[in-house]
Every structure is written in C-alpha cells, then in structure tokens.
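# Fold and geometry: a report
The chain contents come next:
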Amino acid sequence: MSVTRAPEAAGPRPEAPDTDPATDPATKPAAKPAAPRRAAPLALSAGLVVALVALALLSAGLGSYHLTFGEVTGSLLHRLGLGGAELDRVGESVLWNVRLPRVVLALLVGASLGCAGALMQGVFGNPLAEPGVIGISAGAAAGAVGAIALGLSFAGNWTVTVCAFVAGLATVLLVYAMSRSGGRTEVVTLILTGIAVNAFAGALIGLFIFLADNAQISQITFWQLGSLAQATWPKVLAVLPCALAGLLVAPLYARKLDLLALGERPARHLGVDVERLRAVLILVVALLTAAAVAVAGVITFVGLLVPHLLRLANGPGHRFLVPGSALGGALVLLAGDLAARTVAAPAELPLGVLTALFGSPFFFWLLRRTRRKQGGWA
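From a predicted model like this one, the values you see are computed outputs, not experimental measurements. (Residues numbered from 1 in each chain as written. Predicted model: local features only at pLDDT ≥ 70, side-chain atom pairs only at ≥ 80, totals over all residues. Heavy atoms only, no water.)

All right, on to the overall build of the protein then. Scanning the protein for helices and strands turns up 14 helices and two strands. A burial count over the protein gives 43% of its 378 residues as buried. If you take every contact in the protein between residues at least 6 apart in sequence, the share linking residues at least 24 apart comes to 73%. Just so you have it, the protein exposes about 20300 Å², and 66% of that area is on carbon and sulfur atoms. (Helix = DSSP H or I, 4+ residues; strand = E, 2+ residues; numbered from the N terminus. Buried < 20%, exposed > 50% of the residue type's maximum accessible area, 1.4 Å probe, protein only. Contact = heavy atoms within 4.5 Å. Areas by Shrake-Rupley, 256 points an atom, 1.4 Å probe, with all protein chains shown as cover.)

If you look at the biggest cluster of nonpolar residues, it comprises 77 residues, and the most contacted ones within it are V109 and L119. Ranked by residues supplied to this core, first place goes to helix 3 (residues 89–124) with 17 residues. Core analysis: the next-biggest nonpolar cluster, separate from the first, contains 20 residues, I148, A149, C163 and A164 among them. (Core = buried A, V, L, I, M, F, W, Y, C linked by side-chain atoms within 4.5 Å.)

Side chains three or four residues apart in an α-helix point the same way, a direct result of the helix having 3.6 residues per turn. The terminal C-alpha atoms of helix 12 (residues 302–314), which comprises 13 residues, lie 18 Å apart, in line with the 18 Å expected from a rise of 1.5 Å per residue. By the burial criterion, the buried members of helix 12 are V302, G303, L304, L305, V306, P307, H308 and L310. Where helix 12 ends, the next residue or the one after it, G315, has phi of about 95°, a positive value. (Expected span 1.5 Å × (residues − 1).)

You can see S59 is positioned in helix 1 (residues 39–61). For S59, a relative accessible area of 0% gives the class buried. When sequence neighbours within four positions are dropped, the list of residues in contact with S59 reads R99, V103, L334, L338 and R341.

In this section: the packing of aromatic side chains. The full count for this structure, using the stated rule, is zero aromatic pairs. Over the aromatic face of W96 sits the side chain of R79, whose NZ or CZ is 4.3 Å from the ring centroid. (Phe/Tyr/Trp six-rings, centres within 6.5 Å; stacked < 30°, edge-to-face > 60°. Lys NZ or Arg CZ within 6 Å of the ring centre and 35° of its normal.)

Judged by side-chain charge, R255, K256, R276 and R319 come together as a positively charged surface patch. With respect to the helices and strands, K256 occurs in helix 9 (residues 254–260). The class of K256 is partly exposed, set by a relative accessible area of 37%. (Patch = residues over 30% accessible without salt bridge, like charges linked within 9 Å, V, L, I, M, F, W, Y side chains within 5 Å. Salt bridge = Lys/Arg side-chain N within 4 Å of Asp/Glu carboxyl O. Lys, Arg positive; Asp, Glu negative; His and termini not counted. Charge placed at Lys NZ, Arg CZ, Asp CG, Glu CD.)

With that settled, consider the pattern of salt bridges. For the coordinates displayed, the defined rule picks out eight salt bridges. In this structure, the salt-bridge partner of R180 is E275, at a minimum N-O distance of 3.3 Å. In this pair, R180 sits in strand 1 (residues 180–181) while E275 sits in helix 11 (residues 274–296), placing the two residues 95 residues apart along the sequence. For E275, a relative accessible area of 11% corresponds to the buried category. Between E275 and R278 there is a salt bridge, with its nearest N and O atoms 3.8 Å apart.

Where helix 4 (residues 136–149) contacts helix 5 (residues 159–179), the axes come no closer than 7 Å and their chain directions differ by 145°. For the element pair helix 4 and helix 5, the recorded crossing hand is right-handed. Of helix 5, the residues touching helix 4 (which contributes I136, G139, A140, G143, A144, A147 and I148) are T159, V160, C163, A164, A167, G168, T171 and V172. Considering only residue class, the contact of helix 4 with helix 5 consists of 10 nonpolar, five polar and no charged. (Axes fitted to C-alpha atoms, helices over the stretch in contact; angles between N-to-C directions. Left-handed = near helix turned anticlockwise from the far one by under 90°. Nonpolar A, V, L, I, M, F, W, Y, C, P; charged D, E, K, R; others polar.)

Between its terminal C-alpha atoms helix 11 stretches 32 Å, which fits the 33 Å expected from 23 residues at 1.5 Å a residue. Once helix 11 finishes, G297 follows within two positions and takes phi at roughly 80°, a positive value.

On the surface, L150, L152, F154, W158, V162 and V166 cluster together into a nonpolar patch covering about 550 Å² of accessible area. Mapped onto the elements, V162 comes out in helix 5. Judged by relative accessible area, V162 falls into the partly exposed class, the value being 33%.

Attention now goes to the environment of L240. Residue position: L240 is located in helix 8 (residues 233–249). In sequence terms L240 and V109 are 131 residues apart; their C-alpha atoms lie 9.3 Å from each other.

With that settled, consider the side chain of D337. Along the chain, D337 falls in helix 13 (residues 318–342). A polar atom in the side chain of D337 sits 2.9 Å from the side chain of R102. Beyond its immediate chain neighbours, meaning those up to four positions away, D337 contacts R102, L228 and L351. (Polar contact = N/O pair within 3.5 Å; in protein donor to acceptor, adjacent residues only side chain to side chain.)

All right, on to the confidence of the model for the protein then. In this model, the protein carries an average pLDDT of 83, and 88% of its residues clear a pLDDT of 70 or more. Below a pLDDT of 50 lies the segment residues 1–39, which in the model reaches six contacts outside its immediate sequence neighbourhood of four places, other chains included. (pLDDT = per-residue confidence, 0-100.)

Attention shifts here to the environment of L281. Positionally, L281 belongs in helix 11. The sequence separation of L281 and M120 amounts to 161 residues, and the corresponding C-alpha distance is 8.0 Å. If sequence neighbours within four positions are ignored, L281 has contacts with L119, V123, Y253 and L257.

Structural data, given as structure tokens:
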C-alpha cells in the first residue's frame, strides 16, 4: 500500500526571519526564575553571632563590680595566651568565678530552650507548641520541689538538680508511653496527655509546698521563678553534655521536619518514618529542656517566642530555624539575665518573671495577628 504525501499549500513560502531567534526578544525563551537568595539566613546568622558575642562580653563586665569592655577582652586574651593583660586579684575572681559561669550558663540554657521550642513546633505542626506542652517543665519542677520539701540530700548540693533532670525525663517517657497505641502516637493525644500530666505535676507541687516549712517554701519559690544567680562552673559542666548533644543532633533532622510540615501522610510517602522522627526529637527536646530547667528553674516563653521571631524574619525552613533558634534563645536569655541583675540593682529580679512579662504580650499579639490573617486557628 503506497503512501501519498499531501500536497503543499499553495502560495509563496515564508521568508526566513531577518533576526536571529536566539537574540530576538520576541522569540527568546523565558528566563528561568532566579534561585532563592541565601544571603538573608547567612546575614541573619552572622548578625545573631555578632550580637551574641558583644552582649556576652558586655554582660561579663556589668554589675556591682564594673569591668570595662577592654578589661574583659584583655583578661580573656591573657588566659588564651594571645596577649592581653591580667586583672587584679578581685577583678579576676569576679570575672572568672562569678560573671563568666553565669554568662556561659545563660548561653547554654537559652540555646537549649530556643532549639527545643523550634523542634516542638516542628514535631507538633503547631505554632503555639513549646517544651511545656508535654509536661517536661512541670515534671522537672515537681522533682525539684519534691527534693526540697522532703529534705533529700543523697547527691549533696546536686540533689535538686538531679531530681529535676530525672523527673523531667521520666515525665516525657510517661507521656509518650500513655499516648502510644497500636504502634502509633497522635499529636492530639500527646497534647491532651501532656495537659493532664501538667495538671498532675501542678497538684504534686502544691502538695509538696503544703508539706514544706517556711525556709523550704522560700527556696521553692525562688527556684520556681527561675534564676541563674547560683551559676558555677560545675553547673555549666553538668548541663554541657546534654545541651551539646541536643544542639548537635537537632539540625540533622531539619530536612525531615520540612517534609513533616507537609503533613504526616505526604511525609510518609516521601520516605520519612514519622513515628521514629517524633520519638527521637521528643527525646532530644526532653534532654535539652530537662537539663535547662534542672540548673535554672522554670523559665517560660523563650521556646515559644524565639522560633516565631525567626520564622517571621526568614520563613519556616528548619535548616535555618533550628540552629537560628538556638542562637536567638541564647541571645534572649542572656539579655534577660543582664536585665534581671541590673535593672533593680542591688536586688535581682527573677529571670522567669522577666521572660513571662515580655513573652506574654508577644503571645497575645500572635493570637490577634493569626486571627486577623486566617480568621482563627482552623
């Protein structure tokens, strides 16, 4: 069977264009969209680091015994063998035995709480999630208050810290075990279980306060309000392993958190083991929060405030948000501690009270902003 060609249409053939299609704007293919700029997160990270270093040096010098910026840097350089000059005996003692342990502890506690808040919001997919949602802070507080009220001293001066840390971890394990059913955990069940455990821990704290004497009640009250006044190098070394472990592990899960933000089902289709991810990150949050609360008491709103500020500044990507929240948390807590010991000098304001005073208005603003833009939380 022969195949015949259709006759060509009558008429002259179109002439070749005078312009090169590759250079003609009319025929030039559309340019590819520019790749998203990465200067913003880098610049923001650099700004946080610079502000953190400057505030740390400033905080190390301010107080009842004033040290200039140059004296602080000179002493640090001298200890590092990079020149500088040693201070007098009183200055060296104040700087290295009082100020620097407090500054370093503020950095570790703030970084731990900020990072834990970012992880909690990513795991729960809820912008209002923070470490206290699953009872870590309340459990650690119950352990510490119980140790004070019952007069426990099995670990010497470390008894309260040890009890707070162990109780915080035990609370998380209890909440997770009670929320797990059929090999799965649901976010709503975790939150509701955390609410119930928080209420139970609050009742325990009230019972311990009822059993305590006046001196113990004063100690309990001071601890519950949060403070870094008793910072020492041993306390820094106590919180350092948990803080470093959590802060180093958390950024490794940034990509999976971004996938989880799409929803549990899409994340599973993309290869994310949601249950394992949730279990690992809840354990990381427990380590960070329990260690922070054990040495500094109950400090609220840092884990809620910092991730939101960074999310507003740079978007929801966890590759920057997780380490950025650690830097931002350290900066916020260091600034709060500096204000706590200088605003009403020679008295010292409770650090937890200050963070709540500044965090609560932000929380109300966030509620109104979300309701105005979305019409609610649905």
